[in-house]
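Spelled out, the chains give:
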Amino acid sequence: MKYKDLAEVYEQLSSTTKRLEKIDILSKFLKHLSETDKEVMYLLMGEIYPEYSEKKIGISNQIAIQAISKATGTGKDKIVKEWKTIGDLGKVAEKFTLHKKQSTLHSHVLTTEKVLENLRKLPELEGKGTVGKKLSLITELLTSASPTEALYLIRTLIGDLRIGVQESTIREALADAFFERKESSQIQEAIDNSNDLAVVFSIAKKGKLNELGKVSLEIGKPIKAMLAQKAATIKDGFKALGTPCAVEYKYDGFRLLIHKNKNKVILFTRSLENVTNQFPEVVDYVLKFVDADSVILDSEAVGYNKKTKRYTNFQAISQRIRRKY
């Protein structure tokens, strides 16, 4: 589909703060969205892959500024000055695209497929010359972009779409578009189990409600973990949960989602970051002690000092999470 059509939807969503109006805008858009364009669902959330994917765009403001400069023929100092005034790099791109100086003889109609194609190449690049290659991919898109398209391209690149859409908004829009808003709980369950809006859209588009119930967990695809809710006092805790309730100690570690398929083990944090390489001993423990061919474990990983025979604090173990190797 044409990227300008998606940009128009972004504009409509940005123009209202009312949730029901956003749901209505999205519902109408989804009704006309073809299944072949299902990956547009990721772009609606400002992403390029399902949420479980580790691959993120990861473009800094500085690279975005260079790309705007290159695509519009505007000096970087002028762009930075305008950014400080407006506070939105997307709006800066929109403004300078409107008055761009460089020739656009080689520009073409931008499609969502082309946007996804170029943006998905960005996380793959590494090593010498990476910045230049990233700039080329981004500039190619911006050169073909209208002012409005440039606005949302830059916002997508830096992870700041600003259209006020959340997963719950899309869930209600899917229900409204294909099931007359009656089945949002079943849609939510399918989203929870797949962590993939494109998959859920494809099923919902066909109107197959029973198929939504068949969407299940998959080894290797992490899902969002339910997080604990804070209570100010023990009394407040009982008030929220009722009595009787089960209580356990909270260890000073971190949430670890363990996926095991035969001899392959993958470890994810609660933010869905793959930390398998950072915790090789956990992989060994799972292979040695978890007697199951296929399993997903929701666990807490805690540091332990064998010499002192005491648990370590979170700071000690969090250093390991941040390591690449």
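Since we're looking at a predicted model, the values are computed, not measured.

Enquirer: Pulling in residues and values, what's your account of the overall build of the chain?
Expert: Helix and strand content of the chain: 16 helices and 5 strands. Taken along its principal axes, the extent of the C-alpha atoms in the chain is 70 × 50 × 45 Å. Across the 325 residues in the chain, those meeting the buried criterion constitute 43%. Look at the contacts in the chain between residues 6 or more apart in sequence, and 69% of them connect residues 24 or more apart. For the chain, the accessible surface area stands at approximately 19,100 Å², while carbon and sulfur atoms represent 51% of it. For the chain, the separation between the mean place of its 54 positive charges and that of its 42 negative charges on side chains is 5 Å.

Enquirer: Before we move on, could you go through the packing of aromatic side chains and cite the residues and values that matter?
Expert: One pass over the full model with this rule turns up 5 aromatic pairs. Relative to Y152, the ring of Y10 has its centre 4.8 Å away and its plane inclined at 40°; by these criteria the two rings are tilted. Of this pair, Y10 sits in helix α1 (residues 3–14) while Y152 sits in helix α9 (residues 147–157), and the two are 142 residues apart along the sequence. For the residue pair Y10 and Y152, the accessibility class agrees, reading buried in each case. Both rings, one in F254 and one in F279, keep their centres 5.3 Å apart while their planes meet at 40°; by these two values the pair is tilted. Residue F254 is located in strand β1 (residues 254–261), and its partner F279 is located in the loop between β2 (264–269) and α15 (280–289); the two are separated by 25 residues in the primary sequence.

Enquirer: Tell me about the nonpolar core, residues and numbers included.
Expert: A general feature of soluble globular proteins is that nonpolar side chains tend to end up buried together. In this structure, Y10, L30, M41, L44, L142 and L174 are the most contacted members of the largest nonpolar core, which totals 68 residues. Sequence-distant contacts of L44, that is, excluding residues within four places in its chain, are made with L6, Y10, L26, F29, L30, L161, I163, V165 and I170. Among the nonpolar cores identified, the runner-up in size contains 13 residues, and F279, V283, V286 and I321 belong to it.

Enquirer: Can you lay out the side chain of E82 for me, pointing to particular residues and giving the numbers?
Expert: Residue placement: E82 occurs in helix α5 (residues 76–86). The exposure class assigned to E82 is buried, which follows from its relative accessible area of 17%. Here E82 is in contact with G87, V92, K95 and F96, once residues within four sequence places are set aside.

Enquirer: Outline the environment of V215, listing residues and values.
Expert: Within the fold, V215 resides in the loop between α13 (209–212) and α14 (234–241). For the pair formed by V215 and Q12, sequence separation is 203 residues and the distance between their alpha carbons is 32 Å. The residues touching V215, leaving out its near neighbours within four places in the chain, are A190, N193, S194 and I203.

Enquirer: Requested: an account of the sheet that holds β1, with residues and values cited.
Expert: The sheet built from 3 strands is open, its strands ordered β2-β1-β3 with antiparallel pairing. Every interior strand has two partners, whereas the edge strands, β2 and β3 (294–301), have only one. Going across the sheet, the axis of each strand differs from the next one's by a mean of 20°, ignoring polarity. Bridge analysis of β1 against β2 gives 6 bridges, and the strand direction is antiparallel. Each residue of the ladder has a partner; that of L256, found in β2, is T269.

Enquirer: Could you give an account of the packing of helix α4 (residues 61–72) against helix α6 (residues 89–98), naming the residues involved and the relevant values?
Expert: Look at α4 against α6: their axes get within 10 Å of each other, and the N-to-C directions meet at 5°. Here α6 runs roughly parallel to α4, going by the angle between their axes. Contacts from N61, A64, I65, I68 and T72 in α4 reach L89, A93, F96 and T97 in α6. Of the residues contributing to the contact of α4 with α6, the split by class is 6 nonpolar, 3 polar and no charged.

The rules behind these values
- Residues numbered from 1 in each chain as written.
- Predicted model: local features only at pLDDT ≥ 70, side-chain atom pairs only at ≥ 80, totals over all residues.
- Heavy atoms only, no water.
- Helix = DSSP H or I, 4+ residues; strand = E, 2+ residues; numbered from the N terminus.
- Buried < 20%, exposed > 50% of the residue type's maximum accessible area, 1.4 Å probe, protein only.
- Contact = heavy atoms within 4.5 Å.
- Areas by Shrake-Rupley, 256 points an atom, 1.4 Å probe, with all protein chains shown as cover.
- Lys, Arg positive; Asp, Glu negative; His and termini not counted.
- Charge placed at Lys NZ, Arg CZ, Asp CG, Glu CD.
- Phe/Tyr/Trp six-rings, centres within 6.5 Å; stacked < 30°, edge-to-face > 60°.
- Core = buried A, V, L, I, M, F, W, Y, C linked by side-chain atoms within 4.5 Å.
- Pairing = 2+ DSSP bridges.
- Axes fitted to C-alpha atoms, helices over the stretch in contact; angles between N-to-C directions.
- Parallel < 35°, antiparallel > 145°, perpendicular 65-115°, else oblique.
- Nonpolar A, V, L, I, M, F, W, Y, C, P; charged D, E, K, R; others polar.

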